[in-house]
Number of protein chains: 2
Amino acid sequence: MVTIYDIAKKANVSAMTVSRVINNKGRISEKTRNKVKRIMEELNYVPNEMARSLVLRETQVLFLLVTDITNPFFTTLARGAEDAANKLGYRLLFGNSDESLEKEREYVDTILKSRVDGVLLAPAGDGSLPHLESLRAHGVPFVLLDREVPGIGSDVVLGDSREGTRMLMEHMIALGHKEIALVNGSPEVSSARLRATAYKEALKLNDLAAPPERILELSYAPRSSLARIGEWLDGLHPLPTAILCGNNMMAIQTIQAIRKKGLRVPEDISVCCFDDLGPVGEIDPFLTVAAQQAYQFGYKGMQLLIGRIADKENDGGDDAWTRVLLPAELVVRRSVADLR
Amino acid sequence: MVTIYDIAKKANVSAMTVSRVINNKGRISEKTRNKVKRIMEELNYVPNEMARSLVLRETQVLFLLVTDITNPFFTTLARGAEDAANKLGYRLLFGNSDESLEKEREYVDTILKSRVDGVLLAPAGDGSLPHLESLRAHGVPFVLLDREVPGIGSDVVLGDSREGTRMLMEHMIALGHKEIALVNGSPEVSSARLRATAYKEALKLNDLAAPPERILELSYAPRSSLARIGEWLDGLHPLPTAILCGNNMMAIQTIQAIRKKGLRVPEDISVCCFDDLGPVGEIDPFLTVAAQQAYQFGYKGMQLLIGRIADKENDGGDDAWTRVLLPAELVVRRSVADLR
DNA sequence: AATAAATGAGTTACCGATAACTCCAAATTA
DNA sequence: TAATTTGGAGTTATCGGTAACTCATTTATT
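Residues numbered from 1 in each chain as written. Chains lettered and ligands numbered in written order. Predicted model: local features only at pLDDT ≥ 70, side-chain atom pairs only at ≥ 80, totals over all residues. Heavy atoms only, no water.

A. Spatial organisation of the pattern of salt bridges. Under the criterion given, the structure shown has 40 salt bridges over all chains. Lys103 of chain B is paired through a salt bridge with Asp98 of chain B; the nearest N and O atoms lie 3.4 Å apart. For the pair Lys103 of chain B and Asp98 of chain B, a shared accessibility class is recorded, and that class is buried. Among the charged side chains, a salt-bridge network with shared partners connects Arg79, Glu82 and Asp83 of chain A together with Asp98 and Lys103 of chain B. (Salt bridge = Lys/Arg side-chain N within 4 Å of Asp/Glu carboxyl O. Buried < 20%, exposed > 50% of the residue type's maximum accessible area, 1.4 Å probe, protein only.)

Structure (structure tokens):
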């Protein structure tokens with residue numbers, strides 16, 4: 001490995017001079033600067049960021065931890081975060097916790113050990129509290145995405161779960177649906193709680209029955225719930241005419257479960273959900289959704305995070321926490337039948 | 001920040017003793033070991049990986065660079081790579097080059113600077129050669145995924161583009177299609193070249209015409225080609241009865257372009273492509289594809305990479321390059337019309 | 001012309017860990 | 001009993017950079 005000392009020796013200067021050339025700091029004559037630069041190219045020098053970060057105590061690296069890398073909501077969010085990070089001069093690394101507190105814990109440990117400058121994360125659930133406390137205790141700034149965690153304050157970018165749910169519910173009710181079920185994420189997750197509450201509110205407001213068995217609570221975790229949704233449906237009498245799903249991945253599995261029973265969507269049961277489906281969903285614009293601004297989640301979250309880091313460095317930063325609430329948009333397609 | 005020196009002082013031992021406890025190396029009495037461990041917990045100590053890596057000259061970190069993080073092929077691949085890396089004790093970081101040589105160059109520079117132990121990458125194209133040469137020159141092991149780059153040898157995991165294309169072509173031809181067009185990735189990309197060649201072979205083998213204007217070459221880059229596909233279609237007389245697409249994202253855009261002209265898939269024009277669509281595609285199993293084993297690309301690639309790293313450390317490793325060819329599977333759905 | 005200021009660079013210490021070597025005392029062996 | 005071995009640590013140098021200070025020349029100022 002070529003180091004600044006190798007360069008220094010060959011250029012007949014001190015290592016410090018090389019360092020100054022690299023960082024464009026301090027006073028260097030044009031002649032020396034060019035000589036050093038030439039030799040750096042000659043030797044194919046690449047700075048060792050680890051040595052640099054060790055002494056500077058900052059890495060210029062940020063971390064994005066999502067709960068499902070195969071969910072288009074999160075990949076779009078990731079692109080937003082990436083764009084913002086690059087624009088603001090940071091490098092961005094991704095991790096995927098798969099909705100698992102255990103994997104999240106491992107990633108948090110990695111983050112702490114690697115002295116990343118800040119973290120953008122969608123927490124796996126309320127059980128993420130100790131992980132966030134770790135980050136806080138070690139002075140690592142973080143911004144939460146999509147979900148809050150009770151017990152700890154922080155900047156956060158949220159979707160408007162309440163209003164989004166209301167829109168979906170009103171849509172279904174307006175089309176004549178009265179028996180509406182809910183397939184939701186775990187109540188461990190703040191967004192799922194808000195959606196459940198708004199779901200019940202909407203039923204009550206419209207004088208509709210809300211038998212508790214019509215709510216199924218599952219993990220948001222991908223690829224795991226098909227069978228359980230099927231069993232739950234088997235136990236429902238009468239079947240609901242429509243099902244609201246807590247997110248896009250659950251809606252997909254719900255549709256599959258319905259079809260497995262030989263029923264059709266939306267003719268037999270309607271389905272709608274939170275979050276859009278990304279490019280793949282465009283092939284067949286079928287699912288009615290409350291689309292969230294996934295890209296903005298990442299972009300705004302990254303801006304908040306980098307703002308925090310700057311505050312911290314300027315020793316300011318005793319601001320209150322910022323809370324960004326992104327509106328959802330009702331996108332009506334064909335998965336909810338008109339019963340009127 | 002708590003360091004081993006803080007621990008050492010409080011435990012009345014030397015820093016080296018603390019280091020030994022952390023790494024379970026050398027001889028330590030149970031008594032000292034426990035004392036040190038207790039104090040580490042008390043002070044909430046987290047090792048500084050950067051300092052550690054600096055002296056050890058290895059990071060235990062691997063990098064996965066894909067060309068489109070919103071493509072389900074790559075997110076599934078990423079999960080495979082992640083699983084393999086975790087199983088084998090490495091941490092994995094992701095990057096997204098967006099099919100851009102420039103972004104790829106930036107990521108490669110980041111990789112070099114951060115002294116990652118190895119890289120798994122889908123190169124943006126033949127223009128990636130200098131990037132790979134950089135990695136090679138700096139002794140960073142890498143494994144290519146999905147695409148080869150002429151001019152440099154390496155381990156590589158490829159899909160069987162030739163056979164996959166053949167299967168798709170035979171399928172269309174068997175259903176009576178004679179005017180088959182190709183919307184392909186850039187000839188800068190090895191997989192696109194193979195697919196183009198196999199496409200022409202299949203036409204010739206079946207005595208079908210192959211007018212050059214029936215081939216459209218675009219970037220695989222996402223979200224950019226809709227308009228150009230539309231214009232290209234406008235210039236084709238007669239319209240093809242079927243279009244083979246170089247990958248799933250292009251197929252989506254092709255379908256959209258066809259519909260924008262007021263035509264239907266598959267009634268007016270059939271479409272099929274390489275790569276499946278992931279969970280979102282399950283909502284409406286519509287697109288006929290040559291499904292590649294995305295997860296295996298990541299999993300096998302990671303195994304190869306870690307194997308290389310081990311070879312390098314054991315000073316062995318003058319093996320020839322390994323070349324894994326993963327078969328594609330024809331998944332017939334509804335996007336190709338039966339003309340018979 | 002004498003003094004002050006600016007320029008261009010070198011020295012030294014340190015960031016937080018580990019390797020390699022040293023050292024002492026207790027246990028083992030001849 | 002003297003000579004070895006071994007268990008349990010400590011010392012020092014080093015990884016590859018940067019901050020802060022120092023110092024010798026030039027150049028500008030009065």
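B. Geometry of the interface of chain A and chain B. Of the residues lining the interface, 52 residues belong to chain A; the matching set on chain B comes to 52 residues. For the chain A and chain B pair, buried surface summed over both sides reaches about 4900 Å², with 64% attributable to carbon and sulfur atoms. Where chain A packs against chain B, one counts four salt bridges. One salt bridge connects Asp98 of chain B with Arg79 of chain A, and the closest N-O pair in it is separated by 2.4 Å. Our count for the contact surface shared by chain A and chain B stands at 14 residue pairs in polar contact (both at pLDDT 80 or more). (Contact = heavy atoms within 4.5 Å. Buried area = accessible area lost by both parts, 1.4 Å probe. Polar contact = N/O pair within 3.5 Å; in protein donor to acceptor, adjacent residues only side chain to side chain.)

C. Representation of the sheet that holds strand E1 (residues 61-66) of chain A. Residues and elements named next belong to chain A. The six strands lie next to each other as E2-E1-E3-E4-E5-E11, forming an open sheet whose pairing is parallel. Of all the strands in the sheet, just strand E2 (91-96) and strand E11 (323-326) have a single pairing partner and so form its edges. Geometrically, the sheet is characterised by an average inter-axis angle of 15° between neighbouring strands, direction not taken into account. Sheet strands in contact with helix H6 (residues 101-113) are E1, E2 and strand E3 (118-121), and its direction is about 180° off that of E1. (Pairing = 2+ DSSP bridges. Helix = DSSP H or I, 4+ residues; strand = E, 2+ residues; numbered from the N terminus. Axes fitted to C-alpha atoms, helices over the stretch in contact; angles between N-to-C directions.)

D. Region of interest: the domain arrangement of chain A. Parsing chain A into structural domains produces domain 1 (4-47), domain 2 (57-159 + 316-328) and domain 3 (161-292). One C-alpha centre belongs to domain 1 of chain A, the other to domain 2 of chain A; they are set 38 Å apart. (Domains from an automatic or database assignment.)

E. Examining the side chain of Ser128 of chain A more closely. Take Ser128 of chain A: it is sitting in the loop between E3 and helix H7 (129-137). Filtering out sequence-adjacent residues up to four positions away, Ser128 of chain A remains in contact with Leu101, Glu104, Pro123 and Val149 of chain A.

F. A look at the packing of helix H2 (residues 15-23) of chain A against helix H3 (residues 30-43) of chain A. Residue and element names in this part refer to chain A. At a minimum axis separation of 10 Å, H2 and H3 run at an interaxial angle of 85°. Classed by the angle they form, the pair H2 and H3 counts as roughly perpendicular. On H3, the residues touching Thr17, Val18, Val21 and Ile22 of H2 are Thr32, Arg33, Val36, Lys37 and Met40. (Parallel < 35°, antiparallel > 145°, perpendicular 65-115°, else oblique.)

G. The protein's contact with DNA strand D, seen in detail. As a matter of local geometry, DNA strand D sits amid 30 residues, with Ser19 of chain A together with Ser14, Thr17, Arg20 and Thr32 of chain B nearest to it. A distance of 2.8 Å separates a base nitrogen of DNA strand D from a polar side-chain atom of Tyr5 of chain A. Take Thr32 of chain B: an N or O atom from its side chain is 2.5 Å from a phosphate oxygen of DNA strand D. Of all the elements in the fold, those that place two or more residues in the surface near DNA strand D are helix H1 (4-11), H2 and helix H4 (49-56) of chain A together with helix H2 (15-23) and helix H4 (49-56) of chain B. By residue number, the principal contributor to the surface near DNA strand D is H4 of chain A, which donates five residues. A per-class count over the surface near DNA strand D returns 15 nonpolar, nine polar and six charged. (Near = heavy atom within 4 Å. Nonpolar A, V, L, I, M, F, W, Y, C, P; charged D, E, K, R; others polar.)

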